[in-house]
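Architecture at a glance
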Amino acid sequence: MDNTIHLNHLRTELKKFVSFSDAEWEIFKQYLEFRHYEKKEFFAVPDKVCDHMGFILRGAMRYFHVREGIEITGYFSFENELVSAYKSFLTRRPNTNYIQAIEKTTLILISKKNFELMENNPAIAFKIEQFGRRIAEYYICCYEDRVASFIIQSPEERYLDMQKNAGEIFLRIPQHYVANFLGITPVSLSRIRKRTLKVHA
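Residues numbered from 1 in each chain as written. Predicted model: local features only at pLDDT ≥ 70, side-chain atom pairs only at ≥ 80, totals over all residues. Heavy atoms only, no water.

1. A closer look at the overall build of the chain
Secondary structure summary: the chain contains 9 helices and 8 strands in total. Taking 2.2 N^0.38 as the reference for a compact globule, 201 residues should give roughly 17 Å; the C-alpha atoms of the chain span a radius of gyration of 18 Å, in line with that estimate. Counting only C-alpha atoms, the chain reaches 60 × 40 × 35 Å along its principal axes. Expressed as a percentage of its 201 residues, the buried residues of the chain come to 42%. Sequence separation of 24 or more characterises 70% of the internal contacts of the chain that already satisfy a separation of 6 or more. In the chain, 29 side chains carry a positive charge and 25 a negative one; their mean positions are 5 Å apart. (Helix = DSSP H or I, 4+ residues; strand = E, 2+ residues; numbered from the N terminus. Rg over C-alpha atoms; globule rule 2.2 N^0.38 Å. Buried < 20%, exposed > 50% of the residue type's maximum accessible area, 1.4 Å probe, protein only. Contact = heavy atoms within 4.5 Å. Lys, Arg positive; Asp, Glu negative; His and termini not counted. Charge placed at Lys NZ, Arg CZ, Asp CG, Glu CD.)

2. Brief notes about helix H4 (residues 112–119)
Three or more residues of H4 are buried, namely Lys112, Asn114, Phe115 and Met118. Relative to the axis of H4, the buried residues are bounded by an arc of 160° and lie together on one face. The inward-facing, buried residues of H4 contact helix H2 (22–28), strand E3 (52–58), helix H3 (86–91), strand E8 (105–111) and helix H5 (125–152). (Arc of directions from axis to C-beta.)

3. Some details on the pattern of salt bridges
Counted according to the given criterion, the structure contains 12 salt bridges. Measuring nitrogen to oxygen at the nearest pair gives 2.9 Å for the salt bridge that ties arginine 11 to aspartate 22. Taken together, the residues span a long stretch of sequence, with arginine 11 in helix H1 (residues 3–13) and aspartate 22 in helix H2 at a distance of 11 residues. Here the residues in one salt-bridge network are Glu79, Glu103 and Arg172, joined through shared partners. (Salt bridge = Lys/Arg side-chain N within 4 Å of Asp/Glu carboxyl O.)

4. As for the sheet that holds strand E2 (residues 42–44)
Remark on secondary structure: sheet strands pair via backbone hydrogen bonds, oriented parallel or antiparallel. With antiparallel pairing, the 4 strands of this open sheet are ordered in space as E2-E7-E4-E5. Whereas interior strands pair on both sides, the edge strands pair on one side only; in this sheet they are E2 and strand E5 (70–77). Mean inter-strand twist for the sheet, computed between neighbouring axes without regard to direction, equals 30°. Where E2 and strand E7 (residues 98–101) come together, 2 bridges link them in antiparallel fashion. Among the inter-strand pairings, phenylalanine 42 is bridged to a residue of E7, identified as glutamine 100. Helix H8 (residues 175–182) rests against strand E4 (61–67) and E5 of the sheet, and its axis sits at about 90° to E5. (Pairing = 2+ DSSP bridges. Axes fitted to C-alpha atoms, helices over the stretch in contact; angles between N-to-C directions.)

5. Focus on the sheet that holds E3
Read from one edge to the other, the open sheet built from 4 strands follows the order E1-E8-E3-E6, with strand pairing classed as antiparallel. Single-partner strands in this sheet number two, and they are strand E1 (32–37) and strand E6 (82–83). Relative to E8, E1 runs antiparallel, the two being bridged by 6 bridges. Of the residues in E8, the one forming a bridge with glutamate 33 is leucine 109. Running at roughly 45° to E8, H4 makes contact with E3 and E8 of the sheet.

6. Things to note about the side chain of glutamine 100
Position of glutamine 100 among the secondary structure elements: in strand E7. Polar side-chain contacts of glutamine 100 include one of 2.9 Å to the backbone oxygen of lysine 40. Sequence-distant contacts of glutamine 100, that is, excluding residues within four places in its chain, are made with Lys40, Glu41, Phe42, Ala60, Met61, Arg62 and Phe64. (Polar contact = N/O pair within 3.5 Å; in protein donor to acceptor, adjacent residues only side chain to side chain.)

7. Examining helix H6 (residues 155–165)
Of all the residues in H6, the buried ones are Arg158, Tyr159 and Met162. Along the long axis of H6, the arc covered by the buried residues comes to 100°, so they all point the same way. Residues of H6 that are exposed and point over 90 degrees away from its buried face: Lys164 and Asn165.

This is how it looks when you write it as structure tokens:
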């Protein structure tokens with residue numbers, strides 16, 4: 001697919017946040033850029049400001065922290081999802097986690113500089129303010145869902161919920177990352193998988 005098709009796809013997906021008129025879209029797309037990431041290449045790292053927000057056209061990203069030499073996976077993003085260290089992107093403060101491609105990944109990017117230029121462009125300023133607010137709301141909801149799952153669900157319930165709502169994770173993500181995301185060991189994940197398979201057999 002050429003870039004025009006990719007951009008039209010992005011426009012359709014962004015309607016969950018904001019709808020652009022044809023004239024507004026012509027302005028908006030001028031501020032976008034395409035970027036390819038190789039497997040294991042970093043989108044964001046700790047102690048550096050995150051300068052971009054991206055939309056995943058193809059591939060997958062993993063968010064994780066490192067504590068005492070141990071990686072702790074917090075989130076995954078796949079096709080048609082946004083990716084950013086959004087707090088760092090907004091505040092210009094150094095980021096605190098890693099965001100890494102776990103497959104070859106293609107993104108459409110908006111830099112912070114271009115985002116600010118759009119905020120100051122009278123032709124699209126209102127839409128960009130709306131866009132930014134709704135993205136913030138999206139990230140807050142994701143965070144609350146993640147926290148709530150660890151408070152009210154058992155590891156097995158989290159596993160079943162993931163299997164129901166994001167089954168592709170099991171096909172595309174190494175199992176030790178999945179276990180880490182669920183807050184359990186790979187051995188515990190294996191036991192849960194075997195147990196749930198027996199129940200649903």
